[in-house]
Amino acid sequence: MLLPTLLPDPPVATPEVLSLLFEPSPALHALIASAISTSTPSLALAGRAHPALHALISTPTSISPSPAEFLTYADLIEWTTSQILSLRRDDPRLLEILASHPRLGEKKVDSEVSRKEQASLSGGDKEDEGVRLSALNKRYEETFPGLRFVVFVNSRSRDEVMADMVARIERGDIELEKVEAITAMRDIALDRAAKFTVAL
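The notes below deal with the structure included here. (Residues numbered from 1 in each chain as written. Predicted model: local features only at pLDDT ≥ 70, side-chain atom pairs only at ≥ 80, totals over all residues. Heavy atoms only, no water.)

## A word on the pattern of salt bridges
Counting across every chain of the model gives 12 salt bridges. In this structure, R168 engages D164 in a salt bridge whose closest nitrogen and oxygen atoms are separated by 3.7 Å. Of this pair, R168 and D164 both sit in helix α8 (residues 158–171), separated by 4 residues, roughly a single helical turn. Residue R168 is classed as buried on the basis of its relative accessible area, which comes to 3%. Among the salt bridges present, the one from D187 reaches R186, with a minimum N-O distance of 3.9 Å. Exposure remark for R186: the relative accessible area of 11% places this residue in the buried category. Each of D164, R168, R171, E177 and E180 takes part in a single network of salt bridges with overlapping partners. (Salt bridge = Lys/Arg side-chain N within 4 Å of Asp/Glu carboxyl O. Helix = DSSP H or I, 4+ residues; strand = E, 2+ residues; numbered from the N terminus. Buried < 20%, exposed > 50% of the residue type's maximum accessible area, 1.4 Å probe, protein only.)

What follows is the structure, given as structure tokens:
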């Protein structure tokens, strides 16, 4: 699939746009379609989530508009993030959404955007690091069943990314991992939107 030069203007939460920003995820598409149809975005977690989730959604950037008020892609991304945060932490849809990102360093990545983002983590003369990254992916997923390591690479080196992964594995807090993954998905989406729009 060829990448678009620009995202649609004004911002729209179609499956195609959501897939480009957040990776293809039927669970996310269904969640957003339902939220838009009811037009009642909710940030209330009412004690159901890890305290770090409350801290994340209480930041000014997480105060999101209704679907009819998307003036920018930053609005759309923040609102979509709020919908993911509104899921119960044991909701299987949350794990499905978080697992939509490809594994870091994976040789076969369907998403062209992800392939470009991970370019610094694969191939070339770094085969040994690729093997280490694969082993860390396995260890991570054994430590946090149902999750996949998600991080905003942002031109960081393999060593930096792997050090982050080890630290998170050793921390061993699955609820904080969900927070880390949701935050990374938001940051990745914002970065992608900046690449495919004139302005956020």
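Resuming the write-up.
## Observations regarding the packing of helix α1 (residues 15–22) against helix α2 (residues 26–38)
Interaxial distance between α1 and α2 falls to 10 Å at its minimum, and their mutual angle equals 125°. Considered as vectors, α1 and α2 are oriented oblique to each other. Taken as a pair, α1 and α2 cross one another with a handedness that is right-handed. In this structure, α1 contributes P15, L18, S19 and F22 to the contact, and α2 contributes L28, H29 and I32. Along the lines of polarity and charge, the residues of the contact of α1 with α2 split into 5 nonpolar, 2 polar and no charged. (Axes fitted to C-alpha atoms, helices over the stretch in contact; angles between N-to-C directions. Parallel < 35°, antiparallel > 145°, perpendicular 65-115°, else oblique. Left-handed = near helix turned anticlockwise from the far one by under 90°. Contact = heavy atoms within 4.5 Å. Nonpolar A, V, L, I, M, F, W, Y, C, P; charged D, E, K, R; others polar.)

## A look at the packing of aromatic side chains
Tallying each qualifying case throughout the model produces 2 aromatic pairs. On the numbers, 5.4 Å between centres and 75° between planes, the contact of Y140 with F149 is edge-to-face. Every member of this aromatic cluster is reached through a ring pair, and the members are Y140, F144 and F149. (Phe/Tyr/Trp six-rings, centres within 6.5 Å; stacked < 30°, edge-to-face > 60°.)

## Structural notes on unusual backbone geometry
Unlike most non-glycine residues, E23 shows phi in positive territory, near 85°. The residue E23 is located in the loop between α1 and α2 in this model. Residue class for E23 comes out buried when judged on its relative accessible area of 2%.

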